[in-house]
Amino acid sequence: MPTTEIPLSGVVAEHFRAVNAFDVDAIVSTFAPDAYVNDNRREIRGAAAIRRWVEKEMVAEHVSVEPVEVLDHYGDVIVRGRYDGDFDRSGLPDELIMSNYFSLRDGRIVSLAVVLNQPSEYGDGADAA
């Protein structure tokens, strides 16, 4: 099966350690200089923009993430994490679990998409051939 559960390790583990320590420099250092982030349907491109996003929307709002599932999917890493912090929770579930889709190259994050997924009427794909 191409998707397997794995331990949290490498730059992705460093990323979550830095997020939970509210360490702007350490978070930004996990990204490649030309990386992009898609958060809440917004693309944030390059180290300077990512730094501004981290400062304002992660560190200033005391966002923390508890990884609850880590998957490898053809070399990309998917982390489902329980989010907490001082951000606006309007319209969000009490237990906020979001999926983080990481693409990695040369030990750095080159892309990250953070998505609040909805259940699918088509199932989870576990029966795919």
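Scroll up to find the structure this text is about.
Residues numbered from 1 in each chain as written. Predicted model: local features only at pLDDT ≥ 70, side-chain atom pairs only at ≥ 80, totals over all residues. Heavy atoms only, no water.

**Overview of the packing of aromatic side chains**
Here is step 1 of the chain: Taken as a whole and assessed by the stated rule, the structure comprises 1 aromatic pair.
Here is step 2 of the chain: Judged by centre distance (5.8 Å) and plane angle (80°), the ring pair of Phe16 and Phe102 falls under edge-to-face. A residue pair is termed long-range when its members are at least 10 positions apart, and Phe16 in helix 1 (residues 10-20) and Phe102 in strand 6 (residues 96-105) qualify at 86 residues.
Here is step 3 of the chain: With relative accessibility at 1%, the residue Phe102 sits in the buried group.
Here is step 4 of the chain: The aromatic ring of Tyr36 is capped on one face by Arg45, whose charged end is 5.2 Å from the ring centroid. (Phe/Tyr/Trp six-rings, centres within 6.5 Å; stacked < 30°, edge-to-face > 60°. Helix = DSSP H or I, 4+ residues; strand = E, 2+ residues; numbered from the N terminus. Buried < 20%, exposed > 50% of the residue type's maximum accessible area, 1.4 Å probe, protein only. Lys NZ or Arg CZ within 6 Å of the ring centre and 35° of its normal.)

**Structural notes on the sheet that holds strand 7 (residues 108-115)**
Here is step 1 of the chain: Across the sheet, 7 strands lie side by side as 1-4-5-6-7-2-3; this open sheet has mixed pairing. Strand pairing shows two members of the sheet lacking a second neighbour, strand 1 (3-5) and strand 3 (42-45), which therefore form its edges. Averaged over all pairs of adjacent strands, the angle between their axes in this sheet comes to 25°, without regard to strand direction.
Here is step 2 of the chain: Here 9 bridges tie strand 4 (residues 64-73) to strand 5 (residues 76-84), and the two strands are oriented antiparallel to one another. (Pairing = 2+ DSSP bridges. Axes fitted to C-alpha atoms, helices over the stretch in contact; angles between N-to-C directions.)

**Some words on the side chain of Asn100**
Here is step 1 of the chain: With respect to the secondary-structure elements, Asn100 resides in strand 6.
Here is step 2 of the chain: Leaving out residues up to four positions away in the same chain, Asn100 has contacts with Phe16, Val77, Ile78, Val79, Gly81, Tyr83, Leu112, Ala113 and Val114. (Contact = heavy atoms within 4.5 Å.)

**Description of the pairing of strand 4**
Here is step 1 of the chain: Examined bridge by bridge, strand 1 and strand 4 share 3 bridges and lie antiparallel to one another. For Thr3, the partnering residue across the bridge sits in strand 4 and is His73.

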